[in-house]
Amino acid sequence: MGTDRTVAVFGAYGHTGRFVVAELRARGLRPVLVGRDPDKLKALAYGMEPYGTGPSGTTAYGTEERATGTYTTPPDVRTASAHDPASVDRALTGAAAVINCAGPFATTAAPVIEAALRAGIPYVDVAAEIEANLDTFAHYAERARESGASIVPAMAFFGGLGDLLATAAMGDWATVDEAHIAYGLSSWHPTAGTRTAGAVSRERRGHGRRIRYTGGRLEHRDDAPPTLEWRFPEPLGPRTVIGEFTMADVVTVPSHLTVPEVRTYMAEAARDLAAPDTPAPAAVDERGRSDQTFLVDVVVRSGGAERRAVARGQDIYAATAPLVVEAVERVLTGRTRAVGVASAGKMFDAPDFLRALSPHITVELFS
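Read on for a plain summary of the structure. (Residues numbered from 1 in each chain as written. Predicted model: local features only at pLDDT ≥ 70, side-chain atom pairs only at ≥ 80, totals over all residues. Heavy atoms only, no water.)

With that out of the way, let us pick up the overall build of the protein chain. Within the protein chain one finds 12 helices and 20 strands. For a compact globule of 367 residues, the expected C-alpha radius of gyration is about 21 Å, and the protein chain comes in at 21 Å, within 12% of that figure. Considered along the principal axes of its C-alpha atoms, the protein chain spans approximately 70 × 45 × 40 Å. Across the 367 residues that make up the protein chain, the buried fraction comes to 51%. Side chains of the protein chain give 38 positive and 44 negative charges; the mean places of these two sets differ by 1 Å. (Helix = DSSP H or I, 4+ residues; strand = E, 2+ residues; numbered from the N terminus. Rg over C-alpha atoms; globule rule 2.2 N^0.38 Å. Buried < 20%, exposed > 50% of the residue type's maximum accessible area, 1.4 Å probe, protein only. Lys, Arg positive; Asp, Glu negative; His and termini not counted. Charge placed at Lys NZ, Arg CZ, Asp CG, Glu CD.)

With that settled, consider the packing of helix 5 (residues 130-147) against helix 7 (residues 192-205). Between helix 5 and helix 7, whose axes approach to 8 Å, the crossing angle comes to 70 degrees. One way to sum up the angle between helix 5 and helix 7 is to call them roughly perpendicular. Residues Ile-130, Glu-131, Ala-132 and Asp-135 of helix 5 pack against Ser-201, Arg-204 and Arg-205 of helix 7. Of the residues belonging to the contact of helix 5 with helix 7, the class tally is 2 nonpolar, 1 polar and 4 charged. (Axes fitted to C-alpha atoms, helices over the stretch in contact; angles between N-to-C directions. Parallel < 35°, antiparallel > 145°, perpendicular 65-115°, else oblique. Contact = heavy atoms within 4.5 Å. Nonpolar A, V, L, I, M, F, W, Y, C, P; charged D, E, K, R; others polar.)

What follows deals with helix 5. Between its first and last C-alpha, helix 5 extends 25 Å over 18 residues, near the 26 Å set by a 1.5 Å rise per residue. By the largest-angle criterion, Tyr-140 marks the main kink of helix 5, which is about 55 degrees. Downstream of helix 5 by a residue or two, Gly-148 has a phi angle that is positive, lying close to 75 degrees. (Expected span 1.5 Å × (residues − 1). Bend = angle between axes of the 7 residues up to and from the residue.)

All told, the structure shown has 7 aromatic pairs when counted by the stated rule. Ring geometry for Phe-157 and Phe-158: centres 4.9 Å apart, planes at 85 degrees, overall edge-to-face. In this pair, the class of Phe-157 matches that of Phe-158, namely buried. An angle of 40 degrees between the planes, with centres 5.2 Å apart, marks the rings of Phe-348 and Phe-353 as tilted. Residue Phe-348 shares its accessibility class with Phe-353, and that shared class is buried. Through a chain of ring-to-ring contacts, three or more aromatic side chains come together here, namely Phe-157, Phe-158, Tyr-183, Trp-188 and Phe-294. (Phe/Tyr/Trp six-rings, centres within 6.5 Å; stacked < 30°, edge-to-face > 60°.)

Here the focus is the packing of helix 6 (residues 157-170) against helix 10 (residues 316-332). Between helix 6 and helix 10, the least distance of the axes is 10 Å, while the angle of their chain directions is 60 degrees. In this view, helix 6 runs oblique relative to helix 10, as classed from their interaxial angle. Relative to helix 10, the crossing made by helix 6 is left-handed. Residues Phe-157, Phe-158, Leu-161 and Leu-164 of helix 6 lie in contact with helix 10, whose contacting residues are Ile-316, Thr-320 and Leu-323. (Left-handed = near helix turned anticlockwise from the far one by under 90°.)

Cis geometry is found at the peptide bond from Glu-234 to Pro-235, where omega equals 15 degrees. Position of Pro-235 relative to the elements: it lies in the loop between strand 14 (227-231) and strand 15 (238-243). A cis geometry characterises the amide bond from Ser-358 onward to Pro-359, with omega recorded as 10 degrees. When you line up the elements, Pro-359 lands in the loop between helix 12 (350-356) and strand 20 (361-366). Phi at Glu-244 is positive, roughly 55 degrees, even though this residue is not glycine. For Glu-244, the position within the fold is in the loop between strand 15 and helix 8 (249-252). Residue class for Glu-244 comes out buried when judged on its relative accessible area of 10%. Located in the positive-phi region is Asp-315, a residue other than glycine, with phi close to 70 degrees. For Asp-315, the position within the fold is in the loop between strand 18 (305-314) and helix 10.

Turning our eyes to something else, we now look at the sheet that holds strand 1 (residues 6-10). Paired through backbone hydrogen bonds, the strands of a sheet run either parallel or antiparallel to each other. The sheet built from 7 strands is open, its strands ordered 7-2-1-8-9-10-19 with parallel pairing. Every interior strand has two partners, whereas the edge strands, strand 7 (76-79) and strand 19 (340-341), have only one. Here strand 1 pairs with strand 8 (residues 97-100) via 4 bridges, running parallel. Looking across to strand 8, one finds that Phe-10 is bridged to Asn-100. Along the sheet, helix 1 (residues 15-26) makes contact with strand 1, strand 2 (30-35) and strand 8, crossing strand 1 at roughly 170 degrees. (Pairing = 2+ DSSP bridges.)

Below, the structure written as structure tokens:
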């Protein structure tokens, strides 16, 4: 394992990867930028065209500190492909952990996990692909547990956040009858990566088929998902949602919580995702976030009792960065509750983790 706070980011120049790199640097961790395209890696590392020469006479890149005449050293860049195991091994050399931001994860997760196991370092990814997350639990649970490795899949807005909220909402309940996770997104301008991952998932399950989690298991269905009304907290209030709009939460939540019914819902933004001409997200602030806002409403029920957790924030892709970087920091500092493959709610102290996300994500718990 690496001896410093160096974290390899596989897929660093992708939309989410850029947010992750920025969050790592903001927290004082040292990212290593990993990807297939050396030009894109260099462009991300340097952030600008060459503008002069450094003290040694070599071309200087990065941020100039004009008051002192010094230069900020750009991050390391390492070219690697998931189809070339040796290149991934080289990319992880000296890293203390790896974050996989490169979809589709059906293609990248296994090769990067294998490399992380060979390197003896933790692996965390931001996969929202249901099938890819199922593969991680199925193929690596035993090996990771036996080797004492930490593997956290779906440590992202979809999968990780819902799992943390459901776990925190349950509190001292050992079991619940059902868990409901409703997404109130003001809009959803998907990235190219989101569209590609969705296409891969649809192909794997059979075009036109959908998934739901009921009776303690996943089942495939050929009918259309139901439409119903969900009463979000203010300011959204009652909204028409697509029921059984199944996301990675149906993998993460029941992986460690005793709950036979896990249902996820999506408000109006589902139309944006479905439209082929919806543009990619556009930055509106200095952090690169879009103007998208979100409200995630999680309700767990046991008998006649109900508990709730609500999260609010801006830009689901940007919000993934503090989620995954907080996870890596906790793994590196030993603040974990499990060994092997584990979702966010099992690996970490869920209420404490959610509190640490402020000011990126605001969370309220109701019992």
